[in-house]
Amino acid sequence: MPATKEYALLCLENPLLDIQAVGDEALLEKYGLKPNNAILAEEKHLGIYDDLLNNYSAKLIAGGGAQNTARGAQYLLPPNSVVFLGGVGDDKYAEILHAAVKAAGLRVAYRVDKKEKTGRCGVVITGHDRSMVTDLGAANHYDLEHLKSPEVWKLVEGATHYFVGGYHLTVCPPAIQALAEEAAKNDKVFVFSLSAPFISQFYKDPLDATAPYWDYVIGNETEALSYAESHGLETKDIKEIAKHLAGLPKENKKRERVAIITQGTLPTVVAVNGNEVKEYEVHAIEKSLINDTTGAGDAFAAGFTAGLVAGVSLDQCIDQGQWLAKLSIQELGPS
């Protein structure tokens, strides 16, 4: 296995402070939330953050999909292997994030916004479900100027692998395109996460602009079904959707396209170049050991991407992703 170079993996998305608590149907109804979903906050949702802090036993956790993935990948890789980019405010919540990533050994290069608050994600846990409502705050103001600044672009040039979360399509598509083009031009690995069903529904055009650059695309079954519906695929067969994703036109033809779709406790579906489809049984776990599924997909992506960086086989990358996801769901939050 080749030695991992310093900061080989660069991740981009929206750093958030998760405000997480066990709730009930009444709380979901109060804010018009579904039990297992992820949405961006509207005006009617903004009261939930103080509600969770003041009226529930809320836990504050460093969150945001790709930041979770970055922390998980750093957990598995040698020290100083991963760097994360995104936007935060200049406030106490940013200080909490800094402390959390420092404890995880993760390097961050945040764009600090003096005017906007650090982004927040309210997470309501009901049983094994979690409903997430996100107020992006300063994360929504990340820009291409920060990415192209000499200090940050040096990190981009030094990395061999890029991981981008689809949530960032709501923020700065040009930054994603810049990383995607850099990857294709220099034969680096570009990993993309579909992130949430609403991305395919409401950000279809910027999503499709990134598609030619995907070397690996990761999603769960609801994200895959949303993609199929929004793109007019007349199928709900996860294997067929994976084949379609893997067979899309590709910019860097030196690398295969691999589509990975997780399905909770059902087998993980993997398609390569739109042809071969393989299923991988997940690591079994007793239901009584499941504490919280928040961040399970991020943990899978972390284990999988860390495997890519370490140069292990596709089978081992999948196995590593499933192992870390199993570990994650036994903890509260994307630990």
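That block above? That's the structure.
Residues numbered from 1 in each chain as written. Predicted model: local features only at pLDDT ≥ 70, side-chain atom pairs only at ≥ 80, totals over all residues. Heavy atoms only, no water.

What exactly am I supposed to notice about the sheet that holds strand E12 (residues 258-263) here?
The strands making up a sheet associate through backbone hydrogen bonding, with each pair oriented either parallel or antiparallel. Read across the open sheet, the nine strands follow the order E6-E5-E1-E9-E10-E11-E12-E13-E14; overall the sheet is mixed. The open sheet has two free edges, formed respectively by strand E6 (107-113) and strand E14 (276-280), since each of these has just one partner strand. Along the sheet, successive strands turn relative to each other by an average axial angle of 20°, direction set aside. Relative to strand E9 (residues 161-165), strand E1 (residues 9-12) runs parallel, the two sharing four bridges. Bridged to leucine 12 within E9 is valine 164. Contacts between helix H7 (residues 173-185) and the sheet are confined to E1, E9 and strand E10 (189-193), with E9 contributing the most and set at about 155° to the helix. Packing of helix H12 (residues 296-310) onto the sheet brings it into contact with E1, E9, E10, strand E11 (216-220), E12 and strand E13 (266-272), and relative to E11 it is tilted by some 165°. (Pairing = 2+ DSSP bridges. Helix = DSSP H or I, 4+ residues; strand = E, 2+ residues; numbered from the N terminus. Axes fitted to C-alpha atoms, helices over the stretch in contact; angles between N-to-C directions. Contact = heavy atoms within 4.5 Å.)

For this particular structure, what's the right way to read helix H3 (residues 65-76)?
Helix length check: H3, at twelve residues, gives a terminal C-alpha distance of 17 Å against a target of 16 Å (1.5 Å per residue), a fit within 8%. Burial analysis of H3 places ten of its twelve residues in the buried class, which makes it a mostly covered element. Regarding H3, the residues found buried are Gly65, Ala66, Gln67, Asn68, Thr69, Ala70, Arg71, Gly72, Ala73 and Gln74. (Expected span 1.5 Å × (residues − 1). Buried < 20%, exposed > 50% of the residue type's maximum accessible area, 1.4 Å probe, protein only.)

Just checking my understanding: could you explain the pairing of strand E8 (residues 129-135) for this structure?
For a regular strand, side-chain orientation follows a simple rule: the groups alternate between the two sheet faces. E8 sits mainly inside the fold: five of its seven residues count as buried. Pairing of strand E3 (residues 37-40) with E8, which is carried by four bridges, proceeds in the parallel orientation. Residue pairing in the sheet places asparagine 37 in a bridge with serine 131 of E8. Two elements, strand E7 (residues 120-126) and E8, share seven bridges in a ladder whose sense is antiparallel. Within E8, the residue paired with isoleucine 125 across the bridge is arginine 130. Following E7, the chain reverses through two residues before pairing antiparallel with E8; glycine 127 in that reversal takes a positive phi of roughly 60°.

Help me out: how do you make sense of the packing of H3 against H12 in this one?
Helix-helix packing is described using two parameters, namely the angle between the two axes and the distance between the axes. At a closest axis distance of 8 Å, the pairing of H3 and H12 adopts a crossing angle of 45°. When the axes of H3 and H12 are compared, the pair comes out oblique. Every pair of crossing elements has a handedness; the one defined by H3 and H12 is right-handed. Between H3 and H12, the residues in contact are Gly65, Asn68, Thr69, Gly72, Ala73 and Leu76 and Asp298, Ala301, Ala302, Gly303 and Ala306, respectively. Classifying every residue of the contact of H3 with H12 by side-chain character gives five nonpolar, five polar and one charged. (Parallel < 35°, antiparallel > 145°, perpendicular 65-115°, else oblique. Left-handed = near helix turned anticlockwise from the far one by under 90°. Nonpolar A, V, L, I, M, F, W, Y, C, P; charged D, E, K, R; others polar.)

Looking at this structure, I do not really get the environment of valine 282. What am I missing?
Locating valine 282 in the fold gives a position in the loop between E14 and H12. By relative accessible area, which is 25% here, valine 282 ends up partly exposed. Measuring from C-alpha to C-alpha, the distance between valine 282 and alanine 242 comes to 17 Å, with 40 residues separating the pair along the chain. The residues contacting valine 282, other than those within four sequence positions of it, are Gly264, Thr265, Leu266, Thr268 and Gln322.

I'm lost on the environment of glutamate 151 in this one. Help?
Assignment of secondary structure puts glutamate 151 in helix H6 (residues 150-158). The spacing of glutamate 151 and alanine 109 is 42 residues in sequence and 9.0 Å in space, taken between C-alpha atoms.

Explanation requested: the packing of aromatic side chains in the structure shown.
Each aromatic ring pair is described using two quantities: the centre-to-centre distance and the angle formed by the ring planes. Enumeration according to the criterion identifies six aromatic pairs in this entry. Judged by centre distance (6.4 Å) and plane angle (85°), the ring pair of phenylalanine 84 and tyrosine 110 falls under edge-to-face. Here tyrosine 110 lies in strand E6 and phenylalanine 84 lies in strand E5 (residues 82-89), a separation of 26 residues in the sequence. The residues phenylalanine 84 and tyrosine 110 share a single accessibility class, namely buried. Seen in terms of ring centroids, phenylalanine 198 and tyrosine 203 are 6.2 Å apart; in terms of plane orientation they differ by 70°. Their pairing is edge-to-face. Here a set of aromatic residues connected by ring pairs shows up, and it is made of Tyr167, Phe198 and Tyr203. Lying over the aromatic face of tryptophan 153, lysine 148 brings its terminal NZ or CZ to 5.2 Å of the ring centre. (Phe/Tyr/Trp six-rings, centres within 6.5 Å; stacked < 30°, edge-to-face > 60°. Lys NZ or Arg CZ within 6 Å of the ring centre and 35° of its normal.)

What is the right way to read the sheet that holds E8 from this model?
The sheet built from five strands is open, its strands ordered E3-E8-E7-E2-E4 with mixed pairing. Only two strands of the sheet have a single neighbouring strand rather than two, namely E3 and strand E4 (59-63). Across this sheet, the average inter-strand angle for adjacent strands is 20°, counted without regard to direction. As paired elements, strand E2 (residues 16-22) and E4 share five bridges and run antiparallel to each other. Pairing of aspartate 18 across the sheet is with isoleucine 61, part of E4. Running at roughly 80° to E4, H3 makes contact with E2 and E4 of the sheet.

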